[in-house]
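Topology and contacts: notes
Each chain, written out:
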Amino acid sequence: MNDFIIGLTVIVSTILIYWGSVTFYKKCRHIYTAPIILSTVVTIVILLIFQIPYETYMIGGQWIDHLLGPAVVGLAYPLYQYRDMLKKMLLPVVTGTFIGAVVGITSGLFLSKWAGFSELIINSIVPKSVTTPVAMAIADTSGGAMPLAAVFVMIAGIGGVLIHPFVWRYFRLNHYIGRGVGMGSASHAIGTATSMERDDLEGSISTIAMVLSAVFVSIIAPGLTVLLL
């Protein structure tokens, strides 16, 4: 089977799995049945059952991955809709995102160091809270592994989607600014998509936080890593 057939099969299968996950989520709405979680689990199970190597899946998966950029750009539309309101919230959003970036870096660094992980893994964990292309670039320049960084980004994104209801309830976080900044700075695009499903304004704030977090982490992560390791 040539690469074209493999790639086409992977793309169609992935779309069908995600479509099925969305359909199931509409009938059974629960945080654990979110399409991004369910489709990921189903895809992994299928790959394991049929013993399909990751490299084979990525023949088609890479084309889906290329759509991540346009998808993130598409999140800019709500920013335009709420541009006047967002200008008034710029200071708390920027401040909250910066603090979130520092906490995201230091928590990953200290916890992985405490667990006794190697520097390769630590440098791959540090940029976990920013979107995949940025995290992979940061990991590559700081001595981490790009594939590992991508895995940790996925864990951070899905983890944020899973635990955010409990965090909000425990800390009584009800304001859309706090929720948007938290999701965007901790769970990047996956968290932003979840916020966007709930409320456009919260999703817009999450989009800004996601972009700012990528900038902040890119600047401060290498220095903090060298300083604290």
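Residues numbered from 1 in each chain as written. Predicted model: local features only at pLDDT ≥ 70, side-chain atom pairs only at ≥ 80, totals over all residues. Heavy atoms only, no water.

What about the layout of surface pockets?
The calculated volume of the largest pocket comes to roughly 2,100 Å³. Along its surface, the largest pocket is lined by 50 residues, and Ile36, Thr40, Ile64, Met154 and Ile190 are the ones closest to its centre. Mapped by element, the contributors of at least two residues to the lining of the largest pocket are helix H1 (3–27), helix H2 (35–49), helix H3 (54–65), helix H4 (68–74), helix H9 (132–142), helix H10 (146–171) and helix H11 (176–198). Among the elements that take part in the lining of the largest pocket, H10 stands out by supplying nine residues, more than any other. Looking at the lining of the largest pocket residue by residue, the class counts come to 33 nonpolar, 13 polar and four charged. The space that makes up the second largest pocket amounts to roughly 460 Å³. Taken together, 23 residues line the second largest pocket, and the ones lying closest to its centre are Val167, Gly182, Met183, Ala186 and Ser187. Among the elements of the structure, helix H7 (90–114), H10 and H11 are those that each provide at least two residues to the lining of the second largest pocket. No other element matches the nine residues that H10 contributes to the lining of the second largest pocket. (1 Å grid on protein atoms, 1.4 Å probe; cavity = no way out; pocket = protein on both sides within 12 Å on 5 of 7 lines; lining within 4 Å. Points joined across faces, edges and corners; volume = space filled by probe spheres on them. Helix = DSSP H or I, 4+ residues; strand = E, 2+ residues; numbered from the N terminus. Nonpolar A, V, L, I, M, F, W, Y, C, P; charged D, E, K, R; others polar.)

Some details on the packing of H7 against helix H12 (residues 200–228)
Between H7 and H12, the shortest axis-to-axis distance is 8 Å and the interhelical angle comes to 45 degrees. In this view, H7 runs oblique relative to H12, as classed from their interaxial angle. Relative to H12, H7 is oriented so that their crossing is right-handed. Counting all contacts with H7, which are made through Val93, Val94, Thr97, Phe98, Ala101, Val102, Ile105, Thr106, Leu109, Phe110 and Lys113, the residues of H12 involved are Ile205, Ile208, Ala209, Leu212, Ser213, Phe216, Val217, Ile220, Ala221, Leu224, Thr225 and Leu228. Residue composition of the contact of H7 with H12, by class: 18 nonpolar, four polar and one charged. (Axes fitted to C-alpha atoms, helices over the stretch in contact; angles between N-to-C directions. Parallel < 35°, antiparallel > 145°, perpendicular 65-115°, else oblique. Left-handed = near helix turned anticlockwise from the far one by under 90°. Contact = heavy atoms within 4.5 Å.)

Some thoughts on unusual backbone geometry
The backbone phi angle of Gln51 is positive, close to 50 degrees, even though this residue is not glycine. Its location among the elements puts Gln51 in the loop between H2 and H3. Looking at Gln51, the relative accessible area reads 70%, which means it is exposed. Phi is positive for His188, which is not a glycine, with a value near 40 degrees. Position of His188 relative to the elements: it lies in helix H11. (Buried < 20%, exposed > 50% of the residue type's maximum accessible area, 1.4 Å probe, protein only.)

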